Amino acid sequence: MRITQGTFSFLPDLSDAQIVRQVDFCLARGWAIGLEYTDDPHPRNIYWEMFGNPMFDISDAAGVMLELKSCRKTFPSHYIRLSAFDSTHGTESVVLSFIVNRPPNEPGFRLIRTEEPGRTMRYRIESYAVQKSPEGSRY
C-alpha cells in the first residue's frame, strides 16, 4: 500500500533532479527547509522526528540535497519528508511538504471495527507497522 501524504503523494516518487527544482522554488521564496523521518506514517502522526536543524539560512539546493543524502543513509528504511516553512508575518506555517524517501515495503493500514451498546459501531485505523516492535525496527 502506497502512503499518500503531502503535496505530490499521488504522483510517482520524485527524482533527485525534481527535488532540487522544488527546493529551488522554496528557497527563491525565502522559505526554510526541514527534513523529518518516521517509521510510523499514520495520518494522525503529525510529529515526525526532525533530522538535524531546520535550514533557515541556506541559499543553495546543494546543501539541502547533501543533508537529504545523509538522512537517507542514516534512515534507509524510513519515510523521509521535506518541509518548507514560510516565516512571513501572517503565514508562519509549513507551506509545502512531500515525501522524498520510502521504505522498500509499505505494509499499510487495517480498519478495526468495534461494536458498542445500542447497535453503535466504532471504526479506527491502525498501522501494520505498530504491530512490530521495538520502534525504529518496524521495516
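As a starting point, this report considers the structure included with it. (Residues numbered from 1 in each chain as written. Predicted model: local features only at pLDDT ≥ 70, side-chain atom pairs only at ≥ 80, totals over all residues. Heavy atoms only, no water.)

## Description of helix 1 (residues 16-28)
And then number 1: Taking 1.5 Å of rise per residue, the 13 residues of helix 1 would be expected to cover 18 Å, and the 18 Å separating its terminal C-alpha atoms lies within 8% of that figure.
And then number 2: In this structure, the buried residues of helix 1 make contact with strand 1 (32-38), helix 2 (61-74), strand 3 (79-86) and strand 4 (93-101).
And then number 3: With its phi angle positive at about 80°, Gly30 sits one or two positions after the end of helix 1. (Helix = DSSP H or I, 4+ residues; strand = E, 2+ residues; numbered from the N terminus. Expected span 1.5 Å × (residues − 1). Contact = heavy atoms within 4.5 Å.)

## Observations concerning the pairing of strand 3
And then number 1: Across the eight residues that make up strand 3, a large majority, seven, are buried.
And then number 2: Of the pairings in the sheet, the one linking strand 3 to strand 4 comprises seven bridges and is antiparallel in character. Counterpart to Ser83 in the pairing with strand 4 is Ser97.
And then number 3: Hairpin remark: strand 3 followed by strand 4, antiparallel, with six residues in the connecting loop; positive phi at Gly90, about 100°. (Buried < 20%, exposed > 50% of the residue type's maximum accessible area, 1.4 Å probe, protein only. Pairing = 2+ DSSP bridges.)

## Quick look at the environment of Glu67
And then number 1: Examined against the element boundaries, Glu67 turns out to sit in helix 2.
And then number 2: Among the residues examined, Glu67 registers a relative accessible area of 26% and is labelled partly exposed.
And then number 3: Every residue in contact with Glu67, bar those within four places of it in the chain, is listed here: Leu35, Phe51, Gly52 and Met55.

## Observations regarding empty space enclosed by the protein
And then number 1: Inspection of the entire model under this criterion finds one cavity of 30 Å³ or more.
And then number 2: Considered as a void within the structure, the largest cavity measures approximately 70 Å³ in volume.
And then number 3: Residue lining of the largest cavity: Arg2, Phe8, Ser9, Leu11, Pro12, Asp13, Leu14, Phe98, Ile99 and Arg102, and that is the complete set. (1 Å grid on protein atoms, 1.4 Å probe; cavity = no way out; pocket = protein on both sides within 12 Å on 5 of 7 lines; lining within 4 Å. Points joined across faces, edges and corners; volume = space filled by probe spheres on them.)

## Regarding the nonpolar core
And then number 1: Formed by 23 residues in total, the largest nonpolar core has its most connected members in Ile19, Ile33 and Leu82.
And then number 2: No other element matches helix 2, which puts five residues into this core.
And then number 3: Each residue touching Ile33, except ones within four places of it in the same chain, is listed here: Cys26, Leu27, Pro54, Met55, Val64, Leu82, Ser83 and Ala84.
And then number 4: Core analysis: the second largest hydrophobic core is formed by five residues, Ile3, Tyr79, Ile99 and Phe109 among them. (Core = buried A, V, L, I, M, F, W, Y, C linked by side-chain atoms within 4.5 Å.)

## Regarding the packing of helix 1 against helix 2
And then number 1: Contact geometry for helix 1 and helix 2: axes closest at 9 Å, N-to-C directions at 130°. Classified by the angle their axes make, helix 1 and helix 2 are oblique. Seen from above, helix 1 lies across helix 2 with right-handed handedness. Residue-level inspection shows Asp16, Ile19, Val20, Val23, Asp24 and Leu27 of helix 1 in contact with helix 2, the latter providing Ala61, Val64, Met65, Leu68 and Arg72.
And then number 2: In terms of residue class, the contact of helix 1 with helix 2 is made up of eight nonpolar, no polar and three charged. (Axes fitted to C-alpha atoms, helices over the stretch in contact; angles between N-to-C directions. Parallel < 35°, antiparallel > 145°, perpendicular 65-115°, else oblique. Left-handed = near helix turned anticlockwise from the far one by under 90°. Nonpolar A, V, L, I, M, F, W, Y, C, P; charged D, E, K, R; others polar.)

## Concerning the environment of Trp48
And then number 1: Mapped onto the elements, Trp48 comes out in the loop between strand 1 and strand 2 (49-55).
And then number 2: Spatially, the C-alpha atom of Trp48 lies 9.3 Å from that of Leu35, the residues being 13 residues apart in sequence.
And then number 3: The contacts of Trp48, once residues within four sequence positions are left out, are Gln5, Glu36, Tyr37, Thr38, Tyr79, Ile80 and Arg81.

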